[in-house]
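Each chain, letter by letter, is given below.
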Amino acid sequence: MATNERPLALQAQNIVKRFGAVTALDGVSLHLADGEILGILGDNGAGKSTLIKILTGFHQQTSGELSIHGEQTLLRSVDHARALGIECVYQDLALANSLSIYHNMFLNREIVYPGPIRFLNHRAMRERASQCLEDIGVHVPSVTMPVERLSGGQRQAIAVARAVNSNARILLLDEPLAAMGAREAGLIIDLILRLKEKGGLSIIMIMHNYAQTLDIADRIMLMQRGRVTYEQQSSKTSVPELMDIVRREYRALREASNGERA
Ligand SMILES: Nc1ncnc2c1ncn2[C@@H]1O[C@H](COP(=O)(O)OP(=O)(O)OP(=O)(O)O)[C@@H](O)[C@H]1O
Ligand SMILES: [Mg+2]
C-alpha cells in the first residue's frame, strides 16, 4: 500500500462510521508513512473530523480496521490512542478556558514533586510551558494568563503546542490554521515543518486552504461525502487541478438534483 519503503505509522482499511441513519464515513482507507505529512481536504460535512475522531479513539468505527505502527488495533478511547503515541488537536478546541496557559499545556499530565502526595510543581510547569512556546515562536504576555483572554489564533497555537509537547509519534490536526491570521498561520506552518525535519513524527492535518496544504503536506487526500475521491503526492498535483475536481463533483451533484426535479 505504501508508496515508498518507509514503514507505516498508521493504516486504515475500509472504515465505515454511521450515526443512526447518517453515514459519515462510507469505506475510507488511508495510510500514513513514518515521518510523512498527509493533508486532508474536503467540503463541510465530508466526514473529515469524524475520521480524525476515529483515529484518535474518540469515536469507534462501525466497521473497518486500523493498524498503528503495524499492529491491528481497536482504539477504545482517547487515552488508549494517547498511550500508543497518537495526539490530536480537535477542530472544536479542547482547552479549559478559565485555566491558565501553562495549566492547559499540562492538563492531565501535570508535573508533580516526587513523593506519595502528588503536589503540583507549578514552577516547573510554568518554566517548561514558557520554553516550549518560545521554542515554537508563540508570543504570549505570560503563561499564567487564562486562555479565555487569548485570541482564537493564539488559542489554536497553544493547543498545537500542547500536542507537540507530549512526545506524540502521530499527530492529528483538525484545521490547525482555522481562525488564524497570516502571521500566526505562518508560525504554525513553520512549526510543523520543523517538527517534520526533527523526524520521528507523522502528521495528518485537515486543511481548508489548498495552496497551504500543497506547501506543507507530502501527499493530499480529497474527501467528498464520506469517501476518498482523490489522492496524490503534493508535487504531482496543483491548486487548479484540485479545484477542478471539486467543481466537477459539484456540477454532477447539481445536474443529478435538477434531473430529479425535472
Ligand atoms: N456525533 C455525531 N452525531 C451525528 N452525526 C454526526 C456526528 N458527528 C458528525 N456527524 C455527521 O457526519 C457527517 C460528517 O461530519 P464531519 O464533522 O466529520 O464533517 P467535516 O468533513 O469535518 O466537516 P467540516 O468541514 O464542516 O468540519 C455530517 O453529516 C455530520 O452531520
Ligand atoms: Mg470538521
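Everything below is about the structure shown above.
Residues numbered from 1 in each chain as written. Chains lettered and ligands numbered in written order. Predicted model: local features only at pLDDT ≥ 70, side-chain atom pairs only at ≥ 80, totals over all residues.

A.B. asks: So what exactly am I meant to see when it comes to helix H1 (residues 48-55) here?
C.D. replies: Three- or four-residue spacings in an α-helix give side chains the same orientation, since the helix completes a turn every 3.6 residues. Burial analysis of H1 places eight of its eight residues in the buried class, which makes it a mostly covered element. Listing the buried residues of H1 in full gives Lys-48, Ser-49, Thr-50, Leu-51, Ile-52, Lys-53, Ile-54 and Leu-55. Of the residues one or two after H1, Gly-57 is the one with positive phi, at around 80°. (Buried ≥ 20, exposed ≤ 12 C-beta atoms within 10 Å, placed from the backbone. Helix = DSSP H or I, 4+ residues; strand = E, 2+ residues; numbered from the N terminus.)

A.B. asks: Looking at this structure, how should I read unusual backbone geometry?
C.D. replies: Negative phi is the rule for most residues except glycine; trans is the rule for most peptide bonds. Although it is not a glycine, Asn-14 adopts a positive phi angle of roughly 55°. Within the element layout of this structure, Asn-14 appears in strand S1 (residues 8-19). Owing to 13 C-beta atoms within 10 Å, Asn-14 belongs among the partly exposed residues under this scheme. Positive phi is not limited to glycine here, since His-69 has a value of about 45°. With respect to the secondary-structure elements, His-69 resides in the loop between strand S4 (63-68) and strand S5 (71-72). Overall, His-69 belongs to the partly exposed group, with 16 C-beta atoms counted inside 10 Å.

A.B. asks: Any chance you could explain the environment of Ser-142 here in plain terms?
C.D. replies: Take Ser-142: it is sitting in the loop between helix H4 (122-135) and helix H5 (152-164). For Ser-142, a count of 10 C-beta atoms within 10 Å corresponds to the exposed category. Spatially, the C-alpha atoms of Ser-142 and Gly-115 are 29 Å apart, while their sequence positions differ by 27 residues.

A.B. asks: What should I look at first to understand the sheet that holds S4 in this one?
C.D. replies: Sheet strands associate in pairs through backbone hydrogen bonding, adopting either a parallel or an antiparallel arrangement. Overall, antiparallel pairing links the four strands, which are arranged S2-S1-S4-S5 in an open sheet. In this open sheet, the two edge strands, each paired with only one partner strand, are strand S2 (22-33) and S5. Across nine bridges, the pairing between S1 and S2 is antiparallel. Among the inter-strand pairings, Leu-8 is bridged to a residue of S2, identified as Ala-33. (Pairing = 2+ DSSP bridges.)

A.B. asks: Help me understand the pairing of S4, please; the structure alone is not making it clear to me.
C.D. replies: It is a general feature of regular strands that their side chains alternate between the two faces of the sheet. Pairing between S1 and S4: five bridges, direction antiparallel. In the strand pairing of S4, Gln-11 is matched with Ser-67. Across two bridges, S4 lies against S5 in antiparallel orientation. Looking at the pairing, Ile-68 lines up with Glu-71 of S5. Between the end of S4 and the start of S5, which pair antiparallel, lie two residues, with His-69 showing a positive phi angle near 45°.

A.B. asks: What should I look at first to understand helix H6 (residues 182-198) in this one?
C.D. replies: Taking 1.5 Å per residue as the helical rise, H6 with its 17 residues ought to reach 24 Å, and the 24 Å between its terminal C-alpha atoms agrees with that figure. Along H6, the positions that sit buried rather than exposed are Leu-187, Ile-188 and Ile-192. The arc that holds every buried residue of H6, seen down its axis, measures 130°, which confines them to one face. Opposite the packed face of H6, turned more than 90 degrees from it, sit the exposed residues Ala-182, Arg-183 and Glu-197. The secondary structure elements touched by the buried residues of H6 are H5, strand S8 (202-206) and helix H7 (210-216). (Expected span 1.5 Å × (residues − 1). Arc of directions from axis to C-beta. Contact = placed C-beta atoms within 7 Å.)

A.B. asks: Would you take a moment to explain the environment of Glu-241 for this structure?
C.D. replies: Among the structural elements, Glu-241 can be located in helix H8 (residues 239-261). As for Glu-241 and Arg-251, which are separated by ten residues in sequence, their C-alpha atoms are 15 Å apart.

A.B. asks: Is there a simple way to think about the site of ligand 1 in this case?
C.D. replies: In the vicinity of ligand 1 lie twelve residues, with Phe-19, Ala-24, Asn-44, Ser-49 and Thr-50 positioned nearest. Among the elements of the structure, S2 and H1 are those that each provide at least two residues to the shell around ligand 1. When residues of the shell around ligand 1 are assigned to their parent elements, the largest contribution, three residues, is made by H1. Looking at the shell around ligand 1 residue by residue, the class counts come to four nonpolar, seven polar and one charged. (Near = placed C-beta within 6 Å. Nonpolar A, V, L, I, M, F, W, Y, C, P; charged D, E, K, R; others polar.)

Honestly, that's just the spatial picture; any functional story needs more than this.
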